[in-house]
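Overview (structure and organization)
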Amino acid sequence: QVQLVESGGGLVQAGGSLRLSCAASRRPFSSYTMGWFRQAPGKEREFVAAISWNGGSTDYADSVKGRFTISSDNAKNTGFLQMTSLKPEDTAVYYCAAERGWTTRRTVAPAYDYWGQGTQVTVSS
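Since this is a predicted model, take the numbers as computed values, not measurements.

This next bit is on the state of the cysteines. Evaluation of the coordinates by the stated rule reveals 1 disulfide. Note on cysteine connectivity: Cys22 is disulfide-linked to Cys96, with sulfurs 2.0 Å apart. Between Cys22 and Cys96, the S-S dihedral sits near 65°, and the bridge is therefore right-handed. On the criterion of sequence distance, the pair formed by Cys22 in strand S3 (residues 18-24) and Cys96 in strand S9 (residues 92-100) is long-range, its members being 74 residues apart.

So this is what it looks like as structure tokens:
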């Protein structure tokens, strides 16, 4: 089993920034995607961003393009989500997840094999 642990969430004012981290207990697969999803109260879990294991490919939801940046440190099996220009609608629990390979299903939650416990991000207006 692989454990993913998120950190870095918190309360921030609109326009502010946060950096989330996701530490994996070990490399999930020989090649994998690390994704970030979020879920607001009463809403479905939605895709935020994804990065391939070697950092060569990234993908973002339209709602965060230009504001969020996903990155990774393969040597430490750790991923990051830098969030800037935060808006109240970004408020949610943020989850990181790992999927085998880099697939066309990387934007859907069921494609992922491992999940973290989530970290709360609250953006006040």
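Taking burial as the measure, the 9 residues of S9 include 7 buried ones, the bulk of the element. Where strand S4 (residues 32-39) lies against S9, 8 bridges are found, and the strand directions are antiparallel. By the bridge assignment for S9, Phe37 is matched with Tyr95. Alignment of S9 against strand S10 (residues 114-115), held across 2 bridges, turns out to be antiparallel. Its bridge partner being in S10, Ala98 is matched across the sheet by Tyr114.

Tallied over the full model, the rule gives 1 cavity of 30 Å³ or more. Lining the largest cavity, in full, are Tyr32, Met34, Ile51, Ser52, Trp53, Ser72, Asn74, Thr78 and Gly79. Those elements that place two or more of their residues in the lining of the largest cavity are S4, strand S5 (46-52) and strand S8 (78-83). Here the lining of the largest cavity is built from residues that sort into 4 nonpolar, 5 polar and no charged.

Let us look at the nonpolar core. Core analysis: the biggest nonpolar cluster contains 36 residues, and Leu4, Trp36, Val48, Phe68, Leu81, Met83 and Tyr94 have the highest contact counts within it. Residue assignment for this core shows that the elements contributing at least two residues are S3, S4, S5, strand S7 (68-73), S8, S9 and strand S11 (119-124). Aside from chain neighbours lying at most four places away, what touches Met83 is Gly16, Ser17, Leu18, Leu20, Arg67, Phe68, Tyr94 and Val121.

So, about the packing of aromatic side chains. A full pass over the atoms with the stated rule returns 6 aromatic pairs. Arranged with centres 5.7 Å apart and planes meeting at 75°, the rings of Phe37 and Phe47 form a pair that is edge-to-face. One end of the pair, Phe37, is in strand S4; the other, Phe47, is in strand S5, with 10 residues separating them in the sequence. Take Phe37 and Phe47: they sit in the same class, and that class is buried. Feature note: the residues Phe37, Phe47, Tyr95, Tyr112 and Trp115 constitute an aromatic cluster, connected by ring pairs.

Where charged atoms from two side chains of opposite charge come close, those side chains can pair. Taken as a whole and judged by the stated rule, the model has 5 salt bridges. Arg38 is paired through a salt bridge with Glu46; the nearest N and O atoms lie 2.6 Å apart. Given a relative accessible area of 37%, Glu46 falls into the partly exposed group. With a closest N to O distance of 3.2 Å, Asp62 and Lys65 form a salt bridge. In this structure Asp62 comes out as exposed when scored by relative accessible area, which is 65%. One network of salt bridges, in which partners are shared, links Arg38, Glu46, Arg67 and Asp90.

Conventions used here
Each chain carries its own residue numbering, running from 1 in the direction its sequence is written. Local features in this predicted model are restricted to residues whose pLDDT is 70 or higher, and side-chain atom pairs enter the listing and the counts only when it is 80 or higher, whereas totals over whole chains, interfaces and linings include all residues. As a rule here, side-chain values come from all non-hydrogen atoms in the structure, and water together with hydrogens is ignored. To count as a disulfide, a pair of cysteine sulfur atoms needs to be within 2.5 Å. Counting from the N terminus, the helices are DSSP H or I runs at least four residues long and the strands are E runs at least two residues long. Only protein chains enter the accessibility calculation, which uses a 1.4 Å probe. A residue is then buried if its area is under 20% of the maximum for its type, exposed if over 50%, and partly exposed in between. Note on pairing: DSSP must find at least two bridges between two strands before they are called paired. For each structure, a 1 Å grid was placed over the protein atoms alone; sets of points admitting a 1.4 Å probe that cannot get out are labelled cavities, open sets with protein on both sides within 12 Å along at least five of seven lines are labelled pockets, and lining residues have an atom within 4 Å of a point. Grid points are joined across faces, edges and corners, and a volume is the space filled by probe spheres set on the points. Each residue gets one of three labels, nonpolar for Ala, Val, Leu, Ile, Met, Phe, Trp, Tyr, Cys and Pro, charged for Asp, Glu, Lys and Arg, and polar for the others, Gly among them. Take the buried residues of types Ala, Val, Leu, Ile, Met, Phe, Trp, Tyr and Cys, join any two whose side-chain atoms come within 4.5 Å, and each joined set is a nonpolar core. Residue contacts are defined here by distance: any two heavy atoms, one from each residue, within 4.5 Å place the two residues in contact. Ring pairs are drawn from Phe, Tyr and Trp, using the six-membered ring of Trp, whenever the two centres fall within 6.5 Å, and their geometry is named by plane angle: stacked under 30 degrees, edge-to-face over 60, tilted for the rest. For salt bridges, the criterion is a side-chain nitrogen of Lys or Arg within 4 Å of an Asp or Glu carboxyl oxygen.

The values reported here are purely geometric and, on their own, carry no functional implication.
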